[in-house]
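Remarks on the overall topology
For reference, the chains in residue letters:
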Amino acid sequence: MPPSPTPNLDDWRSAYQRPETIPFPASNPYSAAKAALGRALFFDPALSGDGTHSCATCHQPGLSWGDGLARAVGIGGNRLALRSPTLINVAWTDAGGWDGKFDTIESVAFAAILGHGNMSQTEPRLLERLNAIPGYVEAFQQSFFGLAISRNTVELALATFERTLVSPATPFDRWVAGDEAAISARAKAGFEVFRGRGHCADCHASWNFTEGAFFDIGLADADIGRGRLFPNSVALRHAFKVPTLRDVARRAPYMHDGSFLTLSAVVDFYDGAGIDRPSRSPLIRKLGLSAREKHDLIEFLATLTGDPVPFPVPVLPR
Ligand code: HEC
Ligand code: HEC
């Protein structure tokens, strides 16, 4: 056999294979009708109390399903405590939210819809509005075979749509598949930093560059994140969910608080290891990366973002 052009590549290549199918839970299996209905609901400002906000106001297709803001802005210009996270690859996410307070993707929607200063809707008013639109009545009928338009069926349809938001294949994936020319030599060196001296892959693991764990990485923000759910845990104080790094170039500003404007600022932060405190993960330590290693790392991160995929906004039922 000819030697592999990148040493040791084949050992771990399999860990970076993109999955072929989306995992839909047995409690909410995929159907095309349900996904189409969820897509319409997602883009419909009727879900908010004053008709100004849809889910897509904060989760925009062109911004990797975030909104480009450091903190989300709800109706009436109300600033929320957290940055709008990406929704790509939520099908592989066990717990929703930066602190994982939502057990399922289904259960996130009504926190936004009913959230005061978020979408500020009420459940009766939402159901009344949807029931008054014949196109929705028909779409719910096709999706749920006679079940009423209810909080539950709205949640199931939205979550089905969200699970279809899979990050597109990128230069990195073409490299993993064997195309040595798909990424530059410096990006390959950056991947070695990512897995080696940078220790990034300790937490940003697998094809999705997260396995959904929670860590304190030493950010200055006062929010204690998952620590609110587990007040007796030292390690979970200031802990937030490891985000995917797919499409990351399209998602500034970074972190739950939008505190870094560029990937270069993120890499400098990790290099210095942030705030030393008891909760900070032992996997975070001063790295002492050279300027070249930092540059290579950023070049590697860029290979995780593919070309923009046009996303047609649906025609809303009427
Ligand atoms: C005003 C901006 C805003 C609107 C509108 C909004 N979201 Fe979000 N979304 C957020 C923020 C901020 C978070 C993080 C919340 C947290 O961590 O507690 C979030 C988190 C989520 C998550 C969890 C993702 C993950 O990986 O943890 C899902 C799913 C989600 N939103 C879906 C929706 C749906 C569906 C709608 C419409 C019904 C919606 N959002 C409307 C800002 C918004
Ligand atoms: C101890 C686990 C851990 C290690 C090691 C780690 N990360 Fe992270 N990473 C996280 C967590 C947790 C967050 C989210 C933190 C937050 O928002 O509070 C994050 C966020 C990020 C983000 C922001 C993504 C977004 O959408 O906002 C980038 C980029 C990133 N990490 C890159 C890296 C790089 C590059 C390295 C290596 C130098 C690295 N990470 C090492 C856990 C880790």
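Residues numbered from 1 in each chain as written. Chains lettered and ligands numbered in written order. Predicted model: local features only at pLDDT ≥ 70, side-chain atom pairs only at ≥ 80, totals over all residues. Heavy atoms only, no water.

Focus on the site of ligand 2
Close contacts around ligand 2 come from 26 residues, with Cys200, Cys203, His204, His256 and Tyr270 the closest. Residue Arg83 places a side-chain N or O atom 2.8 Å away from an oxygen atom belonging to ligand 2. His204 is positioned such that a nitrogen or oxygen atom in its side chain is 2.9 Å from a nitrogen atom of ligand 2. For the shell around ligand 2, the secondary structure elements donating two or more residues are β2 (240-241) and α10 (263-272). Per element, the largest residue contribution to the shell around ligand 2 is 3 residues, and it comes from α10. (Near = heavy atom within 4 Å. Polar contact = N/O pair within 3.5 Å; in protein donor to acceptor, adjacent residues only side chain to side chain. Helix = DSSP H or I, 4+ residues; strand = E, 2+ residues; numbered from the N terminus.)

A closer look at the site of ligand 1
Looking at ligand 1, there are 27 residues lining it, with Cys55, Cys58, His59, Gly97 and Lys101 nearest. Take Lys101: an N or O atom from its side chain is 2.4 Å from an oxygen atom of ligand 1. Among the secondary structure elements, those contributing two or more residues to the shell around ligand 1 are α3 (55-58) and α4 (109-114). Take the shell around ligand 1: its biggest share by element is 3 residues, from α4. Split by residue class, the shell around ligand 1 holds 16 nonpolar, 7 polar and 4 charged. (Nonpolar A, V, L, I, M, F, W, Y, C, P; charged D, E, K, R; others polar.)

Re the environment of Tyr254
Within the secondary structure layout, Tyr254 lies in the loop between β2 and α10. Exposure remark for Tyr254: the relative accessible area of 7% places this residue in the buried category. Sequence separation between Tyr254 and Ala70 is 184 residues, and the spatial gap between their C-alpha atoms is 7.6 Å. Apart from the residues within four sequence positions on either side, Tyr254 is in contact with Arg83, Val248, Ala249, Ser259, Phe260, Leu261, Thr262, Leu263 and Val266. (Buried < 20%, exposed > 50% of the residue type's maximum accessible area, 1.4 Å probe, protein only. Contact = heavy atoms within 4.5 Å.)

Things to note about the domain arrangement of the protein
Structurally, the protein comprises domain 1 (9-17 + 169-302) and domain 2 (32-163). Taking the mean C-alpha position of each, domain 1 and domain 2 sit 28 Å from one another. The interface of domain 1 with domain 2 comprises 24 residues on the first partner and 21 residues on the second. Across the interface of domain 1 and domain 2, roughly 1800 Å² is buried in total on both sides, 55% from carbon and sulfur atoms. Considering only the side of domain 1, the residues that lose the most area to domain 2 are Lys241, Arg251 and His256, jointly responsible for 28% of the buried surface there. The tally of links between domain 1 and domain 2 comes to 2 salt bridges. Taken together, the links from domain 1 to domain 2 amount to 12 residue pairs in polar contact (both at pLDDT 80 or more). Partitioned by chemical class, the residues of the side of domain 1 that touches domain 2 number 9 nonpolar, 5 polar and 10 charged. (Domains from an automatic or database assignment. Buried area = accessible area lost by both parts, 1.4 Å probe. Salt bridge = Lys/Arg side-chain N within 4 Å of Asp/Glu carboxyl O.)

Describing the coordination of the iron atom of ligand 2
When a metal carries six donors in an octahedron, the ideal angles between them are 90 or 180 degrees, while four donors in a tetrahedron ideally lie at 109.5 degrees. The coordination sphere of the iron atom of ligand 2, as far as protein atoms go, consists of His204 (NE2) and Tyr270 (OH), spread over 1.9 to 2.1 Å. Angles of 84 to 179 degrees at the metal separate the 6 donor atoms of the iron atom of ligand 2, which places the site in the octahedral class. Remark: Tyr270 occurs in helix α10 and His204 occurs in the loop between α9 (185-195) and β1 (214-215); sequence separation between them is 66 residues. Overall, the relative accessible area of 22% leaves Tyr270 in the partly exposed class. (Donors = N, O, S within 2.8 Å, 3.2 Å for Na, K, Ca; no water. Tetrahedral: all angles 85-135°; square planar, octahedral: opposite > 155°, others 65-115°.)

Overview of unusual backbone geometry
In this chain, Ala252 is followed by Pro253 through a cis amide linkage whose omega measures -5 degrees. A positive phi angle, near 60 degrees, is found at Phe209, a position not held by glycine. Along the chain, Phe209 turns up in the loop between α9 and β1. For Phe209, a relative accessible area of 0% translates into the label buried.

Some points on the coordination of the iron atom of ligand 1
Donor atoms from the protein around the iron atom of ligand 1 number only one, His59 (NE2), found at 2.1 Å. Along the chain, the position of His59 falls in the loop between α3 and α4.

Side note on the packing of aromatic side chains
If you walk through the whole model with that rule in mind, you get 27 aromatic pairs. Seen in terms of ring centroids, Phe194 and Phe300 are 5.0 Å apart; in terms of plane orientation they differ by 55 degrees. Their pairing is tilted. On the criterion of sequence distance, the pair formed by Phe194 in helix α9 and Phe300 in helix α11 (residues 291-302) is long-range, its members being 106 residues apart. For Phe194, a relative accessible area of 1% corresponds to the buried category. You can call Phe300 buried: its relative accessible area is 0%. Through successive ring pairs, a cluster of aromatic residues spans Tyr16, Phe172, Trp175, Phe191, Phe194, Phe209 and Phe300. In this arrangement the basic side chain of Arg195 is found over the ring face of Phe191, its NZ or CZ atom lying 5.4 Å from the centre. Note that Arg226 overlies the ring of Phe214, its terminal NZ or CZ placed 4.0 Å from the centroid. (Phe/Tyr/Trp six-rings, centres within 6.5 Å; stacked < 30°, edge-to-face > 60°. Lys NZ or Arg CZ within 6 Å of the ring centre and 35° of its normal.)

Notes on the pattern of salt bridges
Enumeration according to the criterion identifies 20 salt bridges in this entry. Ionic pairing is found between Glu155 and Arg151, a salt bridge with its closest N-O pair at 3.2 Å. Of the two residues, Glu155 and Arg151 both sit in helix α7 (residues 151-163), 4 residues apart, roughly one turn of that helix. Given the relative accessible area of 31%, Arg151 is considered partly exposed. Taken together, the shared-partner salt bridges in this structure form one network comprising Asp99, Lys101, Asp223 and Arg228.

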